[in-house]
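Spelled out, the chains give:
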Amino acid sequence: MGIDNAREMIRVGRLTTPHRTPFEVVHQDRVFSLRRYQGVEGAEGEGVPVPILLVPPLMVTSEIYDMAPDVSAVSVLLGQGLDVWMVDFGAPERVEGGMARTLDDHVLAVSATIDIVRERTGRDVHLAGYSQGGMFCYQTAAYRRSEGLASLITFGSPVDIRRAFPVPVSEEVAERVIDGLRTVIERPLAHLEALPGSLTSVGFKLVSPKKELTQLVDFVGKLHDRQALEKRESRRRFLGGEGFVAWPGPALRTFVDEYIVANRLTAGGFVIDGRPVSLADLTCPVLCFVGLRDDIAKAEAVRAIRNVAFNADVHEVGVKAGHLGLVVGSRALSLTWPTVTEWIRWHEGQGPRPRALTEAERHPVDDIEEFDEVELDLNLGEMFGTATGAAEQLLKRLRRVGDDLADTAEAWRYQLPRLSKLRRIRADTRISFASTLAHQAEEAPDQTFFLYKGRAFTYADADRRVDAVVRGLIECGVRPGRRVGVLMQGRPSYLTLIAALNRLGAVSVLVPPEYAEVALDRALTAGEVEVLVTDPAHAARGREAFGGRVLVLGGPYGEDRELPDGVVDMEAIDPDRVELPEWYRPNPGLARDLALVLFTAGRGEEPRAAKITNRRWAFSALGAAAGSTLKPSDTVYCVLPLHHAAGILVAVGGALVGGSRLALATRFHPEHFWSEARRYGATVVFYAGDMCRALVDAPPDRADAINPVRLFAGSGMRIDVWERMRTRFEVGVLEFYASTEGNAVLANASGEKIGSLGRPLPGSTAMRLVAWDFDEGELTRTPSGTLRGCGIDQPGVLIARVDPGHPLAGFDGYLDAASTEARIVRDAFEEGDRWFVTGDVLRRDADGDYWFVDRLADTVRTPGGPVFTREVEDVLYRLRDVKVVAVYGAVPPEGGEPVVTAAVVPREEPFDAERFAEYVRDKLEPHQRPRYVRLVGEIAVSDGYRPLKRPLRDVGIPPDRPAYRLEGERYVPVAREEAEPLRRSP
């Protein structure tokens, strides 16, 4: 009998016809078909049938849910009275165009089936998926913001891929190792048409070789029993290879890059149909099944959904089964599918809470129980005690070695090449914003470059748009070297225009759109603007302020587009009809060439035009990318104005040279910051000044530490904010110092010394701290005539050497020669040398790390010595009564020299003057204590989030506003009784 059965199997290939529960194909297109299964007589369920939609993984056929009569999930669910639907992706290798399918195709297919099922049934859908099918469910639910979903059910679906790492290492090490492995497979992966189903089948078997061998032995042993063979035939053929299909190459590459390397299910910001989404958007109930013996989707990788989907009600059921056993086999029949039915009825109001959920809460399953002594033929109890100590020591060593190797590999791959490139930049090096964009578009055309208002744009999209705008500029008469004003809010068109002008060889003059009319007129004049380009919102204002030609770019185009008379609408120009002239050479920029003009706040906050060469742009961009270790898997979140140096040079430049994604915000909104950061999957945020104070002052949230950001990088973060950021949000902080004028750059790369600026970035210009005579207001020289240096922890003014091989005209200083010359000191240390005076007071500690002390313009001279206002502010911020403070020198009401004054936004009212006096008496020297304390509703800040002190100095100590005067060791009120009450800004 056994020989007859064997002969028939060899001749026919099977003993029985394939099992298939009857179904109707409701819809079919190039990507999927939608099945609706026919009901089973004698169904046990009662009431109106509830739709459940089953989603298979990519590499496994939909028969995973209907493998054999005795293990069919479909039959069980039908028997419970559910309305069973299933997505069938078919076999891509057998369908025309199947091997070109993307991951988006599959997610959008699942979304489309939800709409069809809802339309047919009139009810919301319970969406269920196994393995990667569950990942599709998560992605689809997030893409739809849970619309139309009654609940989400997944079986062994990993969320945090890094938790599945075979060796127990830190998340950072896992990230770096995975990223390194990606480079090894990059070339073969790029040319792979698909991952064959046969290879997936083999991989499945290799995970559990012992079980595979056991099944083979069992099969041979039952060759004589035809009934037993027929019962197992469907399963044998499924696992033998018929149940596995090809994984299309485009979908595989996206899966590797986005969900393994970038881990975007955890971080957020995965892009579906050009829209970034996050699992934080999930709001429907979630039930996840965890295989406690699962070697493919490890328990911790699956359980990560609990932290990521914190806006959803997430429940977990642990099953003592492997990956396949979650949905097929005895455990699935006795636990998985009955729990699914109970879950659905519970949420439909047709039954009690599932027993498995209650049991799991009462008796949590420890993962150590996943090992069965009989299966392993080991007595774990005897060996556990002996092995534990040695294993712990080994793991510690592995982690240390892993950390060291990962740090080294990351430095070699990302940091050293950028720092080396910095050192090699010379005046005639060809480098620019536009050429870097062109390079990225050539290397990774389909990779996302920037995200804006919920849409994603690739490097190729951005580069094509830049080329089109170049043609439009040429048509409008813009030529290389011309100064073109940019008056826009931060938006994609802003970046496009700057890149296009840079590609053309023209100069962008970035005019802050919030400037008042007088300041706007001064900026246009100081920037020597010849042509002005605005967005539609600023077209009328630009036309009124500027006497020359005004062009308009960006914004919606159509019948509703209304622009003032006398402007040129660039969106109406057809770039394909513009013939490029012979003189045009794309990306001609050399390092020494002027690229941008920015406006900075100098002494008294008077705007000054500072010129930025291609070298200065590259230095900032490469420095930011190297210091922040930006990678293609990173997403840089830019909430800073694009006309600000930190926005355009550091955030945008760093993301571009790092090959990272750039998420653009129109402005910084503290109330929306974290939700947007999660949606975009932001990993690095660039800040300026005291921007982050609003984040730490916001009410605490249970999801504070559940965010994708690994690093905040920027300049000007206060010590108290730095400490609170690290503790509350569990993020790193990288503090930079970069003078807009000149090329002095410092970076606190390790972040260990809170508040420190760190050390000079390799490749930056030489820097020195020199003594300053605060009484005379000038640099101090030695008897020999050289500048006097500063000792350890001695405050001094930072000066930066002007490159000896660089003509002063090409130096990154002020636009007009007079302003630049006024800040240059000659013969500082040797005859003929030139150094730029930054105007910033710093000190250097014994380790060689620099610390910011104050700006010269803000330092107050007193009989007791100079008072560094920044240091006093840092002390006052430690007092809980103080919400915001600005310290400055102001002339008192009785006249005389300026005295130390503090403008305070109190955290609570009434202001406790006695506690304030006691605090400053304890923390500040007598000459540092504010003579006057003004209570204000708000303190205006610059676009770099630094307090504007000139308006405060100009007002002085108004008698009709709440204020206190220091008398002895007490603060007494000086305002009149009829003083207006304190009004806070909304």
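As the structure is a prediction and not an experimental result, all values here were calculated from the model.

*Asks:* Just give me the short version of the overall build of the protein chain, but keep the residues and values in it.
*Replies:* Across its full length, the protein chain holds 30 helices and 42 strands. Counting every position in the protein chain, which comprises 986 residues, the buried fraction comes to 54%. Residue pairs at least 24 apart in sequence account for 72% of intrachain contacts in the protein chain once pairs closer than 6 positions are excluded.

*Asks:* So what's going on with the side chain of D704? Which residues, and what values?
*Replies:* The topology assignment puts D704 in the loop between α25 (693-697) and β25 (711-715). Among the polar contacts listed, one links the side chain of D704 to the backbone nitrogen of D701, at a separation of 3.0 Å. Setting aside residues no more than four positions away along its own chain, D704 makes contact with R678, R728 and F729.

*Asks:* Please provide a residue-by-residue account of the pattern of salt bridges, values included.
*Replies:* By the definition in use, this model includes 51 salt bridges. Put simply, R503 and D463 hold a salt bridge, and the shortest N to O gap is 2.8 Å. You can see R503 sitting in helix α19 (residues 492-504) and its partner D463 sitting in helix α18 (residues 459-475), a full 40 residues away along the chain. You can call R503 buried: its relative accessible area is 2%. Of the charged contacts in the structure, one is a salt bridge between R483 and E528, with a shortest N-O distance of 3.0 Å. Within this pair, whereas R483 is found in strand β15 (residues 483-487), its partner E528 is found in the loop between α20 (517-526) and β17 (531-534), the two being separated by 45 residues in sequence. Judged by relative accessible area, E528 falls into the partly exposed class, the value being 45%. Each member of the salt-bridge network shares a partner with another, and the members are R718, D858, R870, E873, D874, K949 and R953.

*Asks:* Tell me about the sheet that holds strand β5 (residues 125-130), and please be specific about residues and values.
*Replies:* Strand order in this open sheet of eight strands is β1-β2-β4-β3-β5-β6-β11-β12, and the pairing throughout is mixed. Each edge of the sheet is formed by a strand with only one pairing partner; in this case those strands are β1 (23-28) and β12 (314-319). Each strand of the sheet is rotated relative to its neighbour by a mean of 20°, with strand direction disregarded. Sitting on the sheet, helix α4 (residues 132-143) touches β3 (51-55), β5, β6 (149-155) and β11 (286-291), and the angle it makes with β5 is about 140°.

*Asks:* Describe the packing of α18 against α19, with residues and values.
*Replies:* Angle between the axes and distance between the axes are the two parameters that describe a pair of packed helices. For the pair α18 and α19, the least separation of the axes is 8 Å and the interaxial angle reads 65°. For the pair α18 and α19, the crossing hand works out as right-handed. Contacts between α18 and α19 involve D463, R465, V466, D467, V469, V470, L473 and I474 on the former and, on the latter, S493, T496, L497, A499, A500, L501, R503 and L504.

*Asks:* Account for the environment of V802, with residues named and values stated.
*Replies:* One can find V802 in the loop between β32 (796-801) and α27 (817-822). Since its relative accessible area comes to 3%, V802 is described here as buried. In this structure, the C-alpha to C-alpha distance between V802 and V825, residues 23 residues apart in sequence, is 9.8 Å.

*Asks:* Pulling in residues and values, what's your account of unusual backbone geometry?
*Replies:* For the peptide bond that leads from E909 to P910, omega is 0°, which places it in the cis range. Of note in this structure, T629 is not a glycine but carries a positive phi near 50°. Counting through the fold element by element, T629 comes out in the loop between α22 (614-627) and β22 (635-638). By relative accessible area, T629 is classed as buried at 9%. We note that D793 has phi near 60°; this positive angle belongs to a residue other than glycine. Tracing the backbone shows D793 in the loop between β31 (778-779) and β32.

What counts, and at which threshold
- Per chain, the residues get numbers from 1 upward, laid out in the order the sequence is written.
- Selection of residues for local features in this predicted model requires a pLDDT of at least 70, selection of side-chain atom pairs for listing and counting requires 80 or more, and totals for whole chains, interfaces and linings are taken over all residues.
- The basis for every side-chain value is the complete set of heavy atoms in the structure, and neither hydrogens nor water enter the calculation.
- Starting at the N terminus, helices and strands are each numbered in turn, a helix being any DSSP run of H or I of at least four residues and a strand any DSSP run of E of at least two.
- A 1.4 Å probe rolled over the protein chains alone gives each residue an accessible area, and that area as a share of the maximum for its type sets the label: buried under 20%, exposed over 50%, partly exposed in between.
- Contacts were defined at the residue level, with two residues in contact if any of their heavy atoms lie within 4.5 Å.
- Pairing of N or O atoms within 3.5 Å defines a polar contact, subject to two protein rules: one partner must be a possible hydrogen donor and the other a possible acceptor, and residues neighboring in sequence count only if both atoms are side-chain atoms.
- What counts as a salt bridge is simple: a side-chain nitrogen of Lys or Arg found within 4 Å of a carboxyl oxygen of Asp or Glu.
- DSSP bridges decide pairing: two strands pair if at least two such bridges lie between them.
- The axes used here are C-alpha line fits, helices contributing only the stretch in contact, and every angle between their N-to-C directions lies in the interval 0 to 180 degrees.
- For any helix crossing, the convention is left-handed if the near helix is rotated counterclockwise from the far helix by under a right angle, and right-handed if that rotation is clockwise.

Don't take any of this as a statement about function, it's just geometry.
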